[in-house]
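Residue-level structure breakdown
Single-letter residue listing:
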Amino acid sequence: MKSEFEQPYFKELKAYVDEQYVNHVCYPPKEEIFNAFRRCDFDSTRVVIIGQDPYHGKGQAHGLCFSVNDGVKFPPSLQNIFKEIQSDLHIPPPESGNLNRWAEQGVLLLNAVLSVRESEPGSHQKRGWETFTDKVIQMVSEEKEHVVFLLWGAFAISKSALIDQNKHLVLTSTHPSPFSAHKGFLGCGHFSKTNLYLQSKKLEPIKW
């Protein structure tokens, strides 16, 4: 992705984000904006989960979609994710909502927008982040095979157009938020389906 950093849109995005972090409280901490890529390198990526933008409350976001720092109360969507894992795989909810343990197994936890102003969800949308993260999704699709893409909610599902479904598995459902989880996310079985697919391709399953 290094070439993207030289593109005019990215230079404009960087200037905008720099200004925002100087003049507003923004999340995640600036040094953690690209945490998803640090925690899950390209070669080991086996699963991609796509979120929309970071949590906008103090101390929550640390650069991985749906994940929160150790000691932070689980947001409602993350509660439902753990509820589905318990139903699907009989794994009890963990003590921490920090999903570094997933990332380090090859789960790319990618928000479409990588920064946000405090208490203002969506405040950094349409500034260039989506162009960048769409390129990431396309690159994973084009240069890898047998990756599982978990697309939850209409926004994430819209990214399916970027994915070659002849060589990857795309699983879709409603979003895990309390407003829509009961309409398809709860009961979707995505975590067991992911592992069955990976095993069928002679790849290590994820320890959810």
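Structural data are supplied above this passage.
Numbers given for residues are sequential positions, taken from 1 along each chain in its written order. Thresholds applied to this predicted model are a pLDDT of at least 70 for local features of residues and 80 or more for the giving and counting of side-chain atom pairs; totals over whole chains, interfaces and linings are not thresholded and use all residues. Only heavy atoms go into the side-chain values, all of them from the structure, while hydrogens and water stay out.

1. A closer look at the sheet that holds strand β2 (residues 47-51)
Two strands form a pair only when DSSP identifies at least two bridges running between them. Helix and strand labels come from DSSP, where a helix needs a run of H or I of at least four residues and a strand needs a run of E of at least two; each type is numbered from the N terminus. Taking strand neighbours across the sheet as the criterion, the four strands line up as β3-β2-β5-β6 in an open arrangement whose pairing is parallel. On the outer flanks of this sheet lie β3 (107-111) and β6 (169-173), each paired with one strand and no other. The sheet shows a mean angle of 20° between the axes of neighbouring strands, taken without regard to direction. Lines fitted to the C-alpha atoms define the axes, with helices restricted to the stretch that makes contact. Angles between their N-to-C directions range from 0 to 180 degrees.

2. Description of the packing of aromatic side chains
Note on aromatic pairs: the rings of Phe, Tyr and Trp (six-membered ring only in Trp) are paired at centre separations within 6.5 Å, and the planes decide the class, stacked below 30 degrees, edge-to-face beyond 60, tilted for the rest. Scanning the model with the defined rule gives 18 aromatic pairs in all. Where Phe 10 meets Trp 129, the ring centres are 6.3 Å apart and the plane angle is 85°; that geometry is what we call edge-to-face. Of this pair, Phe 10 sits in helix α1 (residues 8-23) while Trp 129 sits in helix α5 (residues 129-143); the two residues are 119 residues apart in sequence, bridging distant segments of the chain. Note on Phe 10: relative accessible area 7%, which makes it buried. With centroids separated by 5.6 Å and ring planes inclined at 55°, the aromatic side chains of Phe 66 and Trp 152 adopt a geometry described as tilted. You can see Phe 66 sitting in the loop between β2 and α3 (76-89) and its partner Trp 152 sitting in strand β5 (residues 148-152), a full 86 residues away along the chain. Trp 152 carries the same exposure label as Phe 66, and that label is buried. We call a charge positioned over a ring when the NZ of a Lys or the CZ of an Arg lies within 6 Å of the ring centre and within 35 degrees of the ring normal. It is Lys 144 that lies over the ring of Phe 42; its NZ or CZ is 5.3 Å from the centre. We call a residue buried when its accessible area falls under 20% of the maximum for its residue type, exposed when it is over 50%, and partly exposed in between, using a 1.4 Å probe and counting protein chains only.

3. Details of the nonpolar core
Definition used in this section: a nonpolar core is a set of buried Ala, Val, Leu, Ile, Met, Phe, Trp, Tyr and Cys residues joined via side-chain atoms within 4.5 Å. Formed by 59 residues in total, the largest nonpolar core has its most connected members in Ile 49 and Trp 102. A per-element tally of this core places α1 first, with six residues.

4. Some remarks on the packing of α1 against α5
For the pair α1 and α5, interaxial distance at closest approach is 9 Å and the crossing angle is 125°. One way to sum up the angle between α1 and α5 is to call them oblique. Here Tyr 9, Phe 10, Leu 13 and Val 17 of α1 come into contact with α5, specifically with Trp 129, Thr 131 and Phe 132. Partitioning the contact of α1 with α5 into residue classes produces six nonpolar, one polar and no charged. For classification purposes, an angle smaller than 35 degrees is called roughly parallel, one larger than 145 roughly antiparallel, one from 65 to 115 roughly perpendicular, and anything else oblique. A contact between two residues is defined here by any heavy atoms of the two lying within 4.5 Å. Classification used: nonpolar for Ala, Val, Leu, Ile, Met, Phe, Trp, Tyr, Cys and Pro, charged for Asp, Glu, Lys and Arg, polar for all others including Gly.

5. Describing the pattern of salt bridges
A side chain of one charge can pair with a side chain of the opposite charge when the charged atoms of the two come close. When a carboxyl oxygen of Asp or Glu lies within 4 Å of a side-chain nitrogen of Lys or Arg, that pair is called a salt bridge. Across all of its chains, the model carries six salt bridges by this definition. Of the charged contacts in the structure, one is a salt bridge between Lys 11 and Glu 6, with a shortest N-O distance of 4.0 Å. Judged by relative accessible area, which is 48%, Lys 11 ranks as partly exposed. Relative accessible area serves as the criterion here: at 55%, Glu 6 is assigned to the exposed category. Between Asp 18 and Lys 30 there is a salt bridge; the shortest N-O distance is 2.6 Å. Taken together, the positions of Asp 18 in helix α1 and Lys 30 in the loop between β1 (26-27) and α2 (35-39) put the pair twelve residues apart, joining distant regions of the chain. The class for Asp 18 is partly exposed, based on a relative accessible area of 23%. Overall, the relative accessible area of 39% leaves Lys 30 in the partly exposed class. Because the salt bridges share partners, they merge into one network encompassing Lys 14, Asp 18 and Lys 30.

6. Notes on the side chain of Asn 111
Turning to its location among the elements, Asn 111 is positioned in strand β3. For Asn 111, the residues in contact, after removing those within four places along its chain, are Gly 51, Gln 52, Asp 53, Pro 54, Leu 64, Cys 65 and Thr 133.

7. A few points about the environment of Gln 52
Mapping Gln 52 onto the fold places it in the loop between β2 and α3. C-alpha of Gln 52 to C-alpha of Glu 12: the two residues are 40 residues apart in sequence and 21 Å apart in space.

8. Quick notes on the packing of α3 against helix α7 (residues 190-200)
In contact at an axis separation of 8 Å, α3 and α7 are set at 60° when each is read in the N-to-C sense. Between α3 and α7, the crossing angle belongs to the class labelled oblique. When α3 is examined against α7, the residues Ile 81, Glu 84, Ile 85, Asp 88 and Leu 89 are found in contact with a partner set consisting of His 190, Phe 191 and Ser 192. Class assignment for the residues of the contact of α3 with α7 results in four nonpolar, two polar and two charged.

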